[in-house]
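# Coordinates in review
Spelled out from the first residue to the last, the chains are:
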Amino acid sequence: MIGNGEQDMAVVVARDAAAIGAVLRQALETAGAEERPGMERALAVVAGAAGAPDAEVRGRWAGRRIRAGGHRGPLDAVVAVKALRRAEPGLSLRRAVRLSREAAATEAA
């Protein structure tokens, strides 16, 4: 049986940005004057990351896995897909191709 594109994507995007933001906001309440600018910047970074689309989060993950496997070329090349499948043996060919395309799109942005 051949699955359709969306149902075949079993890669879960986990986001902890809300929890991390809450911890940073709580810490900011008791922060000293010298710590505040850095913590405020950290909160802004967390807020920006929380708004990233799922495809971007998956693309960054896939890109890291491909690069960790030693591939240095284009992230949507056949050898990149092979590197991703070696790193994550449970991925189907279809999933690995889609993830490598998302990785390439994320890197190009």
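These notes cover the structure that comes with them. Per chain, the residues get numbers from 1 upward, laid out in the order the sequence is written. Totals for whole chains, interfaces and linings use every residue, but because this is a predicted model, local features are given only for residues with pLDDT of at least 70 and side-chain atom pairs only at 80 or more, for both listing and counting. The side-chain numbers reported here are obtained from all heavy atoms of the structure, hydrogens and water having been left aside.

This paragraph deals with the nonpolar core. Here, the term nonpolar core denotes a set of buried Ala, Val, Leu, Ile, Met, Phe, Trp, Tyr and Cys residues that are joined through side-chain atoms within 4.5 Å. Per-residue accessibility, obtained with a 1.4 Å probe over protein chains only, is compared with the maximum for each type, and a residue is labelled buried under 20%, exposed over 50%, and partly exposed between these values. In terms of nonpolar packing, the biggest core is built from 12 residues, these being Ala62, Ile66, Leu75, Ala80, Val81, Ala83, Leu84, Leu91, Ala96, Leu99, Ala103 and Ala104. Helix and strand definitions follow DSSP, with helices as H or I runs of at least four residues and strands as E runs of at least two, each counted in order from the N terminus. Contributing elements (two or more residues each) for this core: α3 (54-68), α4 (78-87) and α5 (93-108). Of all hydrophobic cores here, the second largest spans seven residues; its members include Ala17, Leu24, Ala31 and Leu43.

What follows deals with the packing of α4 against α5. Axes here mean lines fitted to C-alpha atoms, for a helix over just the part in contact, with angles spanning 0 to 180 degrees between N-to-C directions. With their axes 9 Å apart at the nearest point, α4 and α5 run at an angle of 120° to one another. One element, α4, and the other, α5, form an angle in the oblique class. The two elements α4 and α5 cross, and the hand of that crossing is right-handed. Seen from α4, the contacting residues are Val81, Leu84 and Arg85; seen from α5, they are Leu93, Ala96, Val97, Leu99 and Ser100. Orientation categories follow fixed angle ranges, with anything under 35 degrees roughly parallel, anything over 145 roughly antiparallel, 65 to 115 roughly perpendicular, and all other angles oblique. Crossings are classed by handedness, with left-handed meaning an anticlockwise turn of the near helix from the far one by less than a right angle and right-handed meaning a clockwise turn. The contact criterion used throughout is that any non-hydrogen atoms of two residues lie within 4.5 Å.

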